[in-house]
Amino acid sequence: MRTFVKNNAKGLAVVLSAAMVLSATVMPADAKAKKPKLSTTKVSLQEGAKKKVTVKNAKKVTWSLNKAGKKVVSLSKKSKKGVTIKAKKAGKAKITAKMKYGKKTLKKKITVSVTKKTSTDTKTNTNTNTNTNTNTNTNTGNATPTPTATPTPPPTPTPRTKEVKDIVITYDDFQNAGLDADFAHACAIKLADEEAETPFNLLKDKDDRFDLKYFESVTIEVQYDFRDEDTSSLNGGKIALCLEASDVDGYKDADKFTYGINADETEYTLEFGDDDFTGQCAGLNFQTWDGNNDYAAPDCLEGITVKKITFNAIKGAEYPTA
């Protein structure tokens, strides 16, 4: 009887030891995932300067900027590996990075301080007043009069051409205006809103005579950020022209639309055709389909960056003379 108990005790000890080893070695996936790290949480820049903040160990990162900060800095090249910060004007901004690792999310804030650009104008003013007044008052009676300087006429302004030229809006134009150019899958590309709290019109900024009636199409150039090489889940999509600012939401068909988005192309053109568009364009909706032909984010897609918008002028079109 003692031998039986003794042997059972030994067996129980072996089982408990094995259980302890297993519990020590089998760890949840979250415990194995390393916590994401930012290269810095404080950034100081002068106006016009750029700084890249990098991220380690993150599966996915969502970048956001506080409302006041949008006037101070702009964000570009946003990815799970980092973001580029460009200083626009003096002030402070707060950037939030939501970093996914395993099944957890870590939120970190980056404080950005922007100061005015230090003047590099180091003119030494070569007029060092070397007039030492060497007139010894010899009074020879033959003093030469100082010639009178001929005034330089103001430059004649270059007359604006009547020819209607293509209007191009770049990624930097969006950033400088504090407008979004980086999206998940449904791109609400804002170009003008005269009733906004701060009215803007990127097209008129390029030429204040802009009117849709002088243009035949619009071309959008994008950059896809894919998660992996299999892009088959990006199965199509839609591009729509919006005349009203309220329609620029990334989804509506609005006033003119076409299909044909795919993973192999990054440049698309929407022809106006016989539509008699006049006035201003509030923006564009650029929306992708997923693998089920639904308007949703494809699994393969991390994000979309709008690189350039071009309004293509009608050949031979001219602005009226003033």
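Described below are features of the structure shown in this document.

Some remarks on the packing of aromatic side chains
Here is step 1: Overall, the coordinates contain 10 aromatic pairs when judged by the stated rule.
Here is step 2: Among the aromatic residues, those joined into a cluster by ring pairs are Phe257, Tyr259, Trp289 and Tyr295.
Here is step 3: Of note, Lys238 hangs over the ring of Tyr295, and the distance from its end group to the ring centre comes to 4.8 Å.
Here is step 4: Here the guanidinium or amino end of Lys307 rests over the ring plane of Tyr171, the centre of that ring lying 5.5 Å away.

What to know about unusual backbone geometry
Here is step 1: If you check the backbone angles, Lys77 has positive phi at about 50 degrees while not being a glycine.
Here is step 2: Position of Lys77 relative to the elements: it lies in strand β5 (residues 73–79).
Here is step 3: Positive phi values are uncommon outside glycine, yet Ala254 reaches one of about 60 degrees.
Here is step 4: Tracing the backbone shows Ala254 in the loop between β15 (237–242) and β16 (256–259).
Here is step 5: Residue classification places Ala254 among the partly exposed residues on the basis of a relative accessible area of 32%.

Quick look at the sheet that holds strand β18 (residues 283–288)
Here is step 1: Read across the open sheet, the four strands follow the order β11-β18-β15-β16; overall the sheet is antiparallel. The open sheet has two edge strands with one neighbour each: β11 (186–190) and β16. The mean angle between the axes of side-by-side strands here comes to 10 degrees, regardless of whether they run parallel or antiparallel.
Here is step 2: Pairing between β11 and β18: five bridges, direction antiparallel. Within the sheet, the bridge partner assigned to Ile189 lies in β18 and is Leu284.

Rules and cut-offs
The residue numbers shown here count from 1 along each chain, following its written sequence. For this predicted model, a pLDDT threshold of at least 70 governs which residues receive local features, and a threshold of 80 or more governs which side-chain atom pairs are given and counted, while totals over whole chains, interfaces and linings are taken from all residues. The side-chain values count all of the structure's non-hydrogen atoms but skip hydrogen atoms and water molecules. Pairs were defined over the aromatic rings of Phe, Tyr and Trp, the Trp ring being its six-membered one, requiring ring centres within 6.5 Å. Orientation was assigned from the angle between planes: stacked under 30 degrees, edge-to-face over 60, tilted for the rest. Sitting over a ring, as applied to charges here, requires NZ of Lys or CZ of Arg to be within 6 Å of the ring centre and within 35 degrees of the ring normal. The secondary structure listing takes helices from DSSP runs of H or I that are at least 4 residues long and strands from runs of E that are at least 2 residues long, numbered from the N terminus. We call a residue buried when its accessible area falls under 20% of the maximum for its residue type, exposed when it is over 50%, and partly exposed in between, using a 1.4 Å probe and counting protein chains only. Here, a strand pair is defined by DSSP locating no fewer than two bridges between the strands. Orientation is described by axes fitted as lines to C-alpha atoms, over the contacting stretch for helices, and by angles from 0 to 180 degrees between their N-to-C directions.

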